[in-house]
Amino acid sequence: MFVPTLMGQCTPEQQAYWLPRALDMQIIGTYAQTELGHGTFIRGLETTATYDPETETFVMNSPTLTSYKWWAGGLAKTVNYCIVVAQLYTKGVCHGTHPFIVQIRDEETHMPRPGVKVGDIGPKLGFNTADNGYLGFDNYRIPRDNMMMKNAQVLKDGTYVKVARHGKATYGTMVFVRVLLVNEAAFNLAKACTIAVRYSAIRRQCSPDSEGSELQVLDYSTQQHKLFICIATAHALQLNSTWLWKTFSDTLAAIKQGNVDTLPELHALSSCLKALSTADAASLIEQCRHACGGHGYMMSSGLPYLYAFVTATRTYEGDYTILLLQTARFLVKAYEQVEAGKPLTPTVSYLSQAFTGKKLPWDSSPDGIIRAFQALAAGKLSSTVKSLRKRLESGLSYEQAWELSTIQLNGAAEAHCRAVMSQNYKSEIERLTVNSSPNVKLVLQQLYKVYLYYWALERTGDLLLYTSISESDIFELQLRYEGLLKEIRPNAVGIVDAFDLRDEVLHSALGSYDGNVYERLMAEAQKSPLNAEPVNQTFHTYLKPMMKGKL
Ligand SMILES: CCCCCCCCCCC/C=C/C(=O)SCCNC(=O)CCNC(=O)[C@H](O)C(C)(C)COP(=O)(O)OP(=O)(O)OC[C@H]1O[C@@H](n2cnc3c(N)ncnc32)[C@H](O)[C@@H]1OP(=O)(O)O
Ligand SMILES: Cc1cc2nc3c(=O)[nH]c(=O)nc-3n(C[C@H](O)[C@H](O)[C@H](O)COP(=O)(O)OP(=O)(O)OC[C@H]3O[C@@H](n4cnc5c(N)ncnc54)[C@H](O)[C@@H]3O)c2cc1C
C-alpha cells in the first residue's frame, strides 16, 4: 500500500523523489492509517500533524493512547518510512485527515528516530509472517514537503489549498486495494478447492453395502454440495475481479481527464464486491476444510493457513458491514433517481423494475434466475426505502432513521452485489467461451448453473416475496441442482487441475498433484520437533514425578 499511495497521493515532483527510492527498496514503507481507537471511522482518527510556519515543518503527535497507529503491516521491525494519515492543523484550523510521509527509523542504524515509539502488536489469528506494529509520536517534526500534496497543499506561510475535485480523493488507495482483494479472494479459494477436491478423490470412506469397496468421498452428494459451489465461486470471483479491474481503470482514466462522474459507482462496486468476495472466500475455504475431515485440520493440509489469511480480508481494507453500507448509500440514491425519472448507471439499471408493483414471473433458465436476483435486489431496496421513510415520517432525523434501517440496507446491498456478480459471471463465461470447444463450454456452463441454482435455493424466501416462484418450482430446482452435481463429478478433478496451481503454491499434503496423501502426511508428521527423540525430557521433569506422586 506504500507504493500505490505514493503514486496516487503525491505530486509529480514528490513522486520523482520518493518512487525510485521505494521501488528500488532503498526505503521500505507501510500505510499507517488505523489507530488503536479507530479503524473504520477515518474522520475520527486522532493523530495530529500541526504546521509550524516558523520552521516550515509539521509537528506529529499522538495525543492519546487510542491515537497510536495500530495494525500497519511491517511497521514493527521492517519499515523505516510510513505513510501516516493524520488530522492536519494549520493556522489553528483542522482540515481533516491527510497523508504524510514520515521517516520513523534511521536509514543506516534502523534505530527508531527520537520522538518515535514503535513496536509489534503481538500474535494474531494469522498473518503472523507480517510484523504488524504500533506507532506513536511525541512532538516529532517532519519537513513541510513530506505532506503528500497531490490533492491538498499547505503553503510555506501555512495557507491550506484544496486541489482535488472529489472530496474523497485521499481514499483512493483503499479503492485500489479493495479491487485487488477480489482477485486475491478468487486465487485463495481456487487453492482451497483444489486441495479439497483432489483429497476427496483420494480419500475413501464407508461402503454403502457390506461387500463393496469403500467409496471415494467425492462420490457423496453432500461432498459435491460442499465443494462444487467453491469451484464455481472461484470462477465467479476471478471473472468479477477482471471486470472490476477494467471498471477501475476506466474510472481512473476519466478522473485523469477531470471527470469524476463514475467514481461513486466504482466506490459502491468495489465496496460490495470486496465485502462479498472476501466473506464468500473465507466461509467457503472453511467449508473446504470441513470437507477434509481431521486431515483438513492439520497445518500440513494448507487449509488452516489459507483460512487464517483470507478471513482477515473480510476486515481489513474496510470491514464487511461498513462497505456494504457504503454500497447501500449509493443504491438509495439510485432509487431516488428512478423516482425522479433520471437515467441510471448500467449496474443499477434493473432498479426500474422496483416500481412495477408486480412479482416477476419465475423463469428457471440461467437468465431467468439472474433477472430474479435483480428483482429480489430491487424489491429489498424498495422495502428498505419504505422503512427509512416511515421512520422519517415518525419524526426521526435522517441519521437516526438510517441507523435503524441498516440491517435491511445491508441486505439490499448484498442482494445487489449477488445480482451483479451473477450477471458478470454468466456474461463473462459466454464472452470468453465463444471459440471454446463444446466440452469446455459445457463444463463452464454447468459451473455457473451451480452458482445460480445454489444461490437461488439459498434465497427461496426472498424469491417467494419478489417473484412468482412456487413450491413446486423450488422442489424442481432442488432436483435439478442435485442432478447437476452428478454431471460435474466426472470432471471435478480435471476442473481444479485447470487452475494449474503448482504443489509449491498449494503447500498441501492433501492437495499435491501426485495424490500421495498418506505418505506426505506421515512425512510432514516426522518434521514435528516432538519426534526428535523417543522420550521427551518432560517425562523426567513432569510426568514421572507426577506418576510417583512427587509433583
Ligand atoms: C498481489 C496483490 C495482493 C493484494 C492484497 C494486498 C494486501 C494488502 C494488505 C492490506 C493491509 C490492510 C490495510 C488496511 O486495512 S488500510 C486501512 C483500511 N481502512 C479502511 O478501509 C477504513 C474504512 N472506512 C472508510 O473507508 C471510511 O471511513 C467510510 C467510507 C466508512 C466513511 O468515510 P466518511 O465518513 O469520510 O464518508 P461518508 O460515509 O460520510 O461518505 C462521504 C462521501 O464520500 C464517499 N466516499 C467514501 N469513501 C469513498 C471512497 N473510498 N472512494 C470514493 N468515494 C468515497 C461516499 O460515497 C460519500 O459520498 P456521497 O456523500 O456522495 O454519498
Ligand atoms: C490482518 C490485518 C492487517 C491490517 N493492516 C493494516 C494496515 O496495513 N494499515 C492500516 O491502516 N490498517 C490495517 N488494518 C486495520 C484494518 O483496516 C481495520 O481493522 C479495519 O478497517 C476495521 O476497523 P476496526 O478494526 O476499527 O473495526 P471496527 O470498525 O471497530 O469494527 C468493530 C465492529 O463494529 C462495527 N461497526 C463499526 N462502525 C460501524 C458503523 N458505523 N455501523 C455499523 N457497524 C459498525 C463493525 O462492522 C464491526 O462489527 C489491518 C487489519 C488486519 C486484521
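Computed from a prediction, not measured in an experiment: that's the story for all the values here. (Residues numbered from 1 in each chain as written. Chains lettered and ligands numbered in written order. Predicted model: local features only at pLDDT ≥ 70, side-chain atom pairs only at ≥ 80, totals over all residues. Heavy atoms only, no water.)

Turning our attention to the site of ligand 2. In the vicinity of ligand 2, 18 residues are found, and the nearest of them are Tyr31, Thr34, Gly39, Thr40 and Asp319. One of the backbone nitrogen or oxygen atoms of Tyr31 is found 2.8 Å away from a nitrogen atom of ligand 2. Taking Gly73, its main chain carries an N or O atom lying 3.1 Å from an oxygen atom of ligand 2. Surface burial for ligand 2 is 62%, taken as the share of its 960 Å² of free accessible area covered by protein chains. Across the shell around ligand 2, the residue classes tally to seven nonpolar, nine polar and two charged. For the shell around ligand 2, the domains that each give at least three residues are domain 1 (2-150) and domain 2 (172-336 + 365-392 + 403-433 + 441-492). (Near = heavy atom within 4 Å. Polar contact = N/O pair within 3.5 Å; in protein donor to acceptor, adjacent residues only side chain to side chain. Areas by Shrake-Rupley, 256 points an atom, 1.4 Å probe, with all protein chains shown as cover. Nonpolar A, V, L, I, M, F, W, Y, C, P; charged D, E, K, R; others polar. Domains from an automatic or database assignment.)

Assignment of secondary structure puts Ser508 in the loop between α15 (503-506) and α16 (517-526). Residues within four places of Ser508 in sequence aside, it is in contact with Ile195, Ser300 and Ser301. (Helix = DSSP H or I, 4+ residues; strand = E, 2+ residues; numbered from the N terminus. Contact = heavy atoms within 4.5 Å.)

What follows covers unusual backbone geometry. Located in the positive-phi region is Asp500, a residue other than glycine, with phi close to 60°. Looking at the element boundaries, Asp500 is found in the loop between α14 (492-497) and α15. Positive phi, close to 50°, is recorded for His507, a residue that is not glycine. Relative to the elements of secondary structure, His507 occurs in the loop between α15 and α16. By relative accessible area, which is 61% here, His507 ends up exposed. (Buried < 20%, exposed > 50% of the residue type's maximum accessible area, 1.4 Å probe, protein only.)

With numbering matched to this structure, UniProt assigns "binding site: FAD" (unreviewed entry) to Thr34 and Gly73. On the basis of their most widely separated C-alpha atoms, the annotated residues across 40 residues gather in one place, lying no more than 10.8 Å apart. Thr34 sits in the partly exposed class, given a relative accessible area of 26%. In this view, Thr34 contacts Gly39, Tyr68, Lys69, Trp70 and Trp71; residues no more than four positions away in its chain are not counted. If you trace the backbone, Gly73 turns up in the loop between β4 (69-70) and β5 (81-90). Residue classification places Gly73 among the partly exposed positions, given a relative accessible area of 38%. (UniProt positions renumbered as here; feature names shortened; annotations may be inferred.)

Right, let's talk about the sheet that holds strand β8 (residues 133-137) for a bit. What the three strands build is an open sheet, ordered β4-β8-β7; its pairing is antiparallel. Strand pairing shows two members of the sheet lacking a second neighbour, β4 and β7 (116-120), which therefore form its edges. Relative to β8, β7 runs antiparallel, the two being bridged by five bridges. When the sheet's bridge partners are listed, Val118 is paired in β8 with Leu135. (Pairing = 2+ DSSP bridges.)

What follows covers the pattern of salt bridges. Side-chain pairs of opposite charge can arise where the charged atoms are in close proximity. Inspection of the entire model under this criterion finds 21 salt bridges. Put simply, Lys426 and Glu430 hold a salt bridge, and the shortest N to O gap is 2.4 Å. With Lys426 and Glu430 both in helix α10 (residues 406-432) and four residues apart, the pair spans about one turn of that helix. The residue Arg480 makes a salt bridge to Glu476 at a minimum N-O spacing of 3.2 Å. In this pair, Arg480 and Glu476 both sit in helix α13 (residues 471-488), four residues apart, roughly one turn of the helix. Of the residues examined, Arg480 reaches a relative accessible area of 28% and is grouped as partly exposed. Residues joined in a network through salt bridges with shared partners are Asp280, Glu414, Arg418 and Arg459. (Salt bridge = Lys/Arg side-chain N within 4 Å of Asp/Glu carboxyl O.)

Quick look at the pairing of β8 now. Across the five residues that make up β8, a large majority, four, are buried. Judged from the two bridges that link them, β4 and β8 form a sheet pairing that is antiparallel. Its bridge partner lying in β8, Lys69 is registered against Leu135.

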